[in-house]
Amino acid sequence: GESVGLHLPTLSVQEGDNSIINCAYSNSASDYFIWYKQESGKGPQFIIDIRSNMDKRQGQRVTVLLNKTVKHLSLQIAATQPGDSAVYFCAENPPGSARQLTFGSGTQLTVLP
Amino acid sequence: GAVVSQHPSRVICKSGTSVKIECRSLDFQATTMFWYRQFPKQSLMLMATSNEGSKATYEQGVEKDKFLINHASLTLSTLTVTSAHPEDSSFYICSARNLAGRTYEQYFGPGTRLTVT
């Protein structure tokens, strides 16, 4: 279903610590998931993706975990840096000809010095 | 990587006027482009799906006569906000799907901040 506009949940972490951002998705038929980073006043920036036939995927400093049983995604950022401060959105991509993305409500990550 | 541009990046207009926003895929051809609207502290809400050479498909609650979409070529889609009102003030973001890429791969533009006074 469509994401409902809500005030963003926030997460504050100390620089150098690991961050974990969680997301619940809605469509059990979704087979592709993406994490985006959005800095203030900019468009979403691709971070990492994962297909439904995987439960974990690693990138540079980031790891995405997928739990299809409970329709849950998480994004782990290792050694969080000030430049990681942004809003993070998960997006799900259900099958179908349009292949539209449905965005989660987002999490504001603030990295404290 | 694939680049999507939007123009203008920021626009202020008076109530009742129309504003056109352009979305271009710079280094790839896009069969499908998507238009989103984002209010402050909120998520991206899909407004419409734009297919080259055909009519756009609008999401429920989005007025097609108010938000005119034209996808005239494989690299350009335009969104025109007609008779804009202050409640139309928002951040408008487009994305484009690469014709040659995976069907679910989308690239986002930098967004256009619309302020209606």
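Overview of the structure. Remember, predicted model here, so these are calculated numbers, not experimental data.

1. Here's the deal with the overall build of chain A
Consideration 1: A count of helices and strands for chain A gives zero helices and ten strands.
Consideration 2: Order of helices (α) and strands (β) in chain A, N terminus to C terminus: β-β-β-β-β-β-β-β-β-β.
Consideration 3: Taking 2.2 N^0.38 as the reference for a compact globule, 113 residues should give roughly 13 Å; the C-alpha atoms of chain A span a radius of gyration of 14 Å, in line with that estimate.
Consideration 4: Dimensions of chain A along its principal axes, counting C-alpha atoms only, are 45 × 30 × 20 Å.
Consideration 5: Counting the 113 residues in chain A, one finds 42% classified as buried.
Consideration 6: For chain A, the share of sequence-separated contacts (at least 6 apart) that also reach a separation of at least 24 residues comes to 55%.
Consideration 7: With the model as given, the accessible surface of chain A reaches about 5,600 Å², and the carbon-plus-sulfur share is 48%.

2. With respect to unusual backbone geometry
Consideration 1: Residue B:Pro8 is bonded to the preceding B:His7 through a cis peptide linkage, with omega at 0°.
Consideration 2: Position of B:Pro8 relative to the elements: it lies in the loop between strand E1 (4–7) and strand E2 (10–13).
Consideration 3: The backbone phi angle of A:Arg61 is positive, close to 65°, even though this residue is not glycine.
Consideration 4: Here A:Arg61 falls in the partly exposed class, since its relative accessible area comes to 30%.

3. As for the sheet that holds strand E2 (residues 19–24) of chain A
Residues and elements named next belong to chain A.
Consideration 1: In space, the four strands of this open sheet follow the order E2-E7-E6-E5, with antiparallel pairing throughout. What marks the edges here is a single partner per strand, and that holds for E2 and strand E5 (56–58). Taking each pair of neighbouring strands and ignoring which way they run, the sheet shows an average axis angle of 15°.
Consideration 2: Strand direction decides the pairing type here: E2 and strand E7 (residues 72–77), joined by six bridges, are antiparallel. Its bridge partner being in E7, Ala-24 is matched across the sheet by His-72.

4. Section: the pattern of salt bridges
Between side chains of opposite charge, pairing is possible as soon as their charged atoms come close.
Residue and element names in this part refer to chain A.
Consideration 1: The tally for this structure, following the rule as stated, stands at six salt bridges over all chains.
Consideration 2: Note that Glu-39 and Lys-37 form a salt bridge whose closest N and O atoms lie 3.5 Å from each other.
Consideration 3: As a salt-bridge pair, Arg-57 and Asp-49 come within 2.3 Å of each other at their nearest N and O atoms.
Consideration 4: Take Asp-49: its relative accessible area is 5%, and that puts it in the buried class.
Consideration 5: Look at the salt bridges and you will find they share partners, linking Lys-37, Glu-39 and Lys-42 into a network.

5. Here we look at the sheet that holds strand E3 (residues 19–25) of chain B
Residues and elements named next belong to chain B.
Consideration 1: Strands sit in the order E1-E3-E8-E7 across an open sheet of four strands; the sheet is antiparallel. One side of each edge strand has no neighbouring strand; the edge strands of this open sheet are E1 and strand E7 (67–73). Within this sheet the neighbouring strands show an average axis-to-axis angle of 15°, counted without direction.
Consideration 2: Bridge count for E3 against strand E8 (residues 76–81) is six bridges, and the pairing is antiparallel. Each residue of the ladder has a partner; that of Glu-22, found in E8, is Thr-78.

Rules behind the numbers
- Residues numbered from 1 in each chain as written.
- Chains lettered and ligands numbered in written order.
- Predicted model: local features only at pLDDT ≥ 70, side-chain atom pairs only at ≥ 80, totals over all residues.
- Heavy atoms only, no water.
- Helix = DSSP H or I, 4+ residues; strand = E, 2+ residues; numbered from the N terminus.
- Rg over C-alpha atoms; globule rule 2.2 N^0.38 Å.
- Buried < 20%, exposed > 50% of the residue type's maximum accessible area, 1.4 Å probe, protein only.
- Contact = heavy atoms within 4.5 Å.
- Areas by Shrake-Rupley, 256 points an atom, 1.4 Å probe, with all protein chains shown as cover.
- Pairing = 2+ DSSP bridges.
- Axes fitted to C-alpha atoms, helices over the stretch in contact; angles between N-to-C directions.
- Salt bridge = Lys/Arg side-chain N within 4 Å of Asp/Glu carboxyl O.

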